[in-house]
Amino acid sequence: MKLDKAARHARKAKYRQEREDARHEAHAAAFLPAWGEPGPAQLRTPGHFWLPKHQDTTATLAGAYPFLAEGGLGADGVFVGSDMFGGASFVYDPWVLYAAGIITAPNIVLAGIVGSGKSSLAKSLYTRSIPFGRRVYVPGDPKGEHTAVAEAVGGKAIRLGHGLATRLNPLDEGYRPSHLTDAEWLAQVTSRRRDLIGALAETVLDRTMTPLEHTAIDVALSSAVASARVPILPMVVERILAPDCVDDPDGRLTEDGRQVGHALRRLVAGDLAGLFDGPSTVRFDPSLPMVSLDLSAVAENSTLISVLMTCSSAWMESALLDPEGGQRWVIYDEAWRLMSHPALLRRMDAQWRLARHYGIANMLIFHKLTDLDNVGDQGTAMRSLASSLLANAETRIIYRQESDQTKGAAETLGLTGTEMKLLPTLSTGQGLWRIKDRSFVVQHQLHPAEMALFDTTARMTQESRGITNEMTSHHSPRHAYLEGEQP
Ligand SMILES: Nc1ncnc2c1ncn2[C@@H]1O[C@H](COP(=O)(O)OP(=O)(O)OP(=O)(O)O)[C@@H](O)[C@H]1O
Ligand SMILES: [Mg+2]
């Protein structure tokens, strides 16, 4: 007890001494007064210096201080081009931005008028990210313009159409993810076949199936799978229209399956025949850097596009489920065309919501934002699916828009007045990038080799050349230029 008291006293005395020392030290030190030493060199007015706050554009402020620049998104990512305000390089990579916490949804919406350079930008973004280990998938390419790119990067374009030898078998087992056991794989193949035939039937029927029709398909499918090593669609159709007597003792199953049987028959014998009626001649190889489904030969038949894309989406989904599948771009070029099919839109929406889970970045390309309002009728499920695609895209790139479209675009995307006025003035390859709530105006730069590979103007320039030949005199400078003559 006594010892404690003595220790406390000693501690108190020590603190007192330290305080005393600090006070002496402060007295001894000489600080300059906060307002400077008195005298003419103080350069102080008796009043306070007061400047009103001023806000202005970077263009004006650069007159006073020229080194203004946008902070940018960092230097990691794929080179796109130059920031038109700062002049710096602009890079973009959805996976890098996601890892940095700048975006939470790796999906992109790209809108711009015809010929503004949208497809070229998409091609640049994906080809330039292939060296970083990303893969590319174009689930439907109605113009066939990604075929040359796919071949150039060592990938494959699957070209389907009437009169071509290519066949797609919807009953294919598809890609087997590495982690599945035999039993799990068998269960997955069975359910995938059932789902896919169901989805195809619904697309052709243009309505949802009844429970009776589900049963009819299921019975026919089981019988077809049991009877052949490589089951094909004609076997299923045949068994739906004429089931085994054992399965259908009273003839009611035949009756239940009549509508769905005839709908599917269109795919093997009717107007949609010639694509699905044999074993597959092509294989979806997810290990390739790029796979594109070239629909240019069937572009006039919207049911066929829908059916083909349903099949290919099912293939792709199985590849995406593989944990070793890596990261992938999924490009929906000419999306306004693809979005008119309810079954495809539903699949697309599911993939957009699961983008982070699958490690994919979806890109949707169309002409104007009001294209999304033309999907389905007002208030329908289709319309709300289309607008949810926009809501789930945190990167919105707007290429040139006609002046009558800018107001709608500004409202939908929350653009400022300056950004809105900018949209009709953008030229080819220039776009307004809205990444979350930041904006950039970017000039996309193409390498001459890319320019040659991505060119989509060949037909237009070729035709105008013919007209020019007839209409211009032989010695006009323009003619000389087109002919490649030296002036
Ligand atoms: N960044 C660019 N720099 C120079 N030229 C470009 C650029 N981007 C595109 N172009 C030119 O514009 C042409 C049309 O581009 P692209 O096919 O990408 O347009 P688009 O917007 O996809 O058109 P559409 O709406 O018809 O699909 C290209 O063939 C190319 O010659
Ligand atoms: Mg295009």
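Here the structure is a predicted model, which is why all the values come from computation and not from measurement. (Residues numbered from 1 in each chain as written. Chains lettered and ligands numbered in written order. Predicted model: local features only at pLDDT ≥ 70, side-chain atom pairs only at ≥ 80, totals over all residues.)

### So, the overall build of the protein chain
Next, step 1: Tallying secondary structure elements over the protein chain gives 19 helices and 11 strands in all.
Next, step 2: Taken against the 2.2 N^0.38 rule, which gives 23 Å for 487 residues, the C-alpha radius of gyration of the protein chain at 33 Å runs more than 25% over that of a compact globule.
Next, step 3: With the C-alpha coordinates aligned to their principal axes, the bounding extent of the protein chain is approximately 110 × 100 × 45 Å.
Next, step 4: The burial tally for the protein chain puts 35% of its 487 residues in the buried class. (Helix = DSSP H or I, 4+ residues; strand = E, 2+ residues; numbered from the N terminus. Rg over C-alpha atoms; globule rule 2.2 N^0.38 Å. Buried ≥ 20, exposed ≤ 12 C-beta atoms within 10 Å, placed from the backbone.)

### Some details on helix 9 (residues 252-268)
Every α-helix winds through 3.6 residues per turn, so residues three or four apart in the chain are directed the same way.
Next, step 1: Relative to the 24 Å expected for 17 residues at 1.5 Å per residue, helix 9 spans 24 Å between its end C-alpha atoms, a close match to the ideal helical length.
Next, step 2: Largest kink in helix 9: about 50°, centred on R258.
Next, step 3: In this fold, the buried residues of helix 9 make contact with helix 6 (182-205), helix 7 (211-227), helix 8 (233-241) and helix 10 (302-320). (Expected span 1.5 Å × (residues − 1). Bend = angle between axes of the 7 residues up to and from the residue. Contact = placed C-beta atoms within 7 Å.)

### So, the site of ligand 1
Next, step 1: Among the 15 residues in the neighbourhood of ligand 1, the closest are listed as G117, S119, S120, G429 and T456.
Next, step 2: Per-element accounting of the shell around ligand 1 gives the leading share, 3 residues, to helix 4 (residues 118-129).
Next, step 3: A per-class count over the shell around ligand 1 returns 2 nonpolar, 11 polar and 2 charged. (Near = placed C-beta within 6 Å. Nonpolar A, V, L, I, M, F, W, Y, C, P; charged D, E, K, R; others polar.)

### Things to note about the packing of helix 6 against helix 10
The description of two helices packed together rests on the angle between their axes and the distance between the axes.
Next, step 1: Between helix 6 and helix 10, the least distance of the axes is 9 Å, while the angle of their chain directions is 160°. With respect to helix 10, the element helix 6 is oriented roughly antiparallel. Crossing angle aside, the handedness with which helix 6 passes helix 10 is right-handed. Every residue of helix 10 that contacts helix 6 at R192, L196, A199, L200, T203 and V204 is listed here: T303, S306, V307, T310, C311, A314 and S318.
Next, step 2: By residue class, the composition of the contact of helix 6 with helix 10 is 7 nonpolar, 5 polar and 1 charged. (Axes fitted to C-alpha atoms, helices over the stretch in contact; angles between N-to-C directions. Parallel < 35°, antiparallel > 145°, perpendicular 65-115°, else oblique. Left-handed = near helix turned anticlockwise from the far one by under 90°.)

### Thoughts on the nonpolar core
Next, step 1: Residues L110, L264, L267, L308, I331, M363 and L364 are the most contacted members of the largest nonpolar core, which totals 105 residues.
Next, step 2: Element by element, the count of residues in this core is highest for helix 10, at 11 residues.
Next, step 3: With residues up to four places along the chain from it excluded, the contact list for I331 reads A122, Y126, V136, V138 and M363. (Core = buried A, V, L, I, M, F, W, Y, C linked by C-beta atoms within 7 Å.)

### Looking at the sheet that holds strand 9 (residues 395-398)
Next, step 1: Overall, mixed pairing links the 11 strands, which are arranged 2-1-11-10-9-3-8-7-4-6-5 in an open sheet. A strand with exactly one partner marks an edge of an open sheet, and here the two such strands are strand 2 (89-92) and strand 5 (156-159). Strand after strand, the sheet turns through a mean of 25° between neighbouring axes, direction not considered. (Pairing = 2+ DSSP bridges.)

### Re helix 8
Next, step 1: When we look at burial in helix 8, the residues that qualify are L233, V236, V237, R239 and I240. Considered in projection along helix 8, the buried side chains sweep an arc of 165° and stay on one side of the axis.
Next, step 2: The secondary structure elements touched by the buried residues of helix 8 are helix 6, helix 7 and helix 9. (Arc of directions from axis to C-beta.)

### Re unusual backbone geometry
Next, step 1: At D206, a residue that is not glycine, the phi angle is positive and equals roughly 65°.
Next, step 2: Inspection of the secondary structure assignment puts D206 in the loop between helix 6 and helix 7.
Next, step 3: Judged by the 11 C-beta atoms lying within 10 Å of it, D206 is exposed.
Next, step 4: Phi at K436 is positive, roughly 55°, even though this residue is not glycine.
Next, step 5: By the element assignment, K436 lies in the loop between strand 10 (430-435) and strand 11 (438-444).

### Section: the environment of N107
Next, step 1: With respect to the element layout, N107 can be found in the loop between helix 3 (94-99) and strand 3 (108-111).
Next, step 2: Between the C-alpha atom of N107 and that of P94, which follows or precedes it by 13 residues, the distance is 7.8 Å.
Next, step 3: When near neighbours in sequence (up to four residues on either side) are disregarded, N107 contacts W352, A355, A361, N362, N392 and A393.

### A few points about the confidence of the model for the protein chain
Next, step 1: The predicted model of the protein chain averages 83 in pLDDT, with 93% of residues at 70 or higher.
Next, step 2: Element-level pLDDT for the protein chain is lowest in helix 19 (residues 477-482), with a mean of 36, against a maximum mean of 95 in helix 4.
Next, step 3: The low-confidence segment residues 468-487, where pLDDT is below 50, has 10 contacts with residues more than four positions distant or belonging to other chains. (pLDDT = per-residue confidence, 0-100.)

### Remarks on the pairing of strand 4 (residues 135-141)
Next, step 1: Burial analysis of strand 4 places 7 of its 7 residues in the buried class, which makes it a mostly covered element.
Next, step 2: Of the strand pairs in this sheet, strand 4 and strand 7 (residues 328-332) are connected by 3 bridges, and their pairing is parallel. Pairing of R135 across the sheet is with R328, part of strand 7.

### Side note on the packing of helix 12 (residues 342-353) against helix 14 (residues 381-391)
Next, step 1: At a closest axis distance of 10 Å, the pairing of helix 12 and helix 14 adopts a crossing angle of 35°. As for the relative orientation of helix 12 and helix 14, their crossing is left-handed in sense. Contacts from P342, L345, R346, M348, D349 and W352 of helix 12 reach helix 14 at M382, L385, A386, S388 and L389.
Next, step 2: Considering only residue class, the contact of helix 12 with helix 14 consists of 8 nonpolar, 1 polar and 2 charged.

### Things to note about the environment of I397
Next, step 1: Tracing the sequence through the fold places I397 in strand 9.
Next, step 2: The buried category is assigned to I397, around which 26 C-beta atoms lie within 10 Å.
Next, step 3: Each C-alpha atom, one on I397 and one on I108, is 7.5 Å from the other, the two residues being 289 residues apart in sequence.
Next, step 4: With residues near it in sequence (within four places) discarded, I397 still touches I108, L110, G431 and W433.

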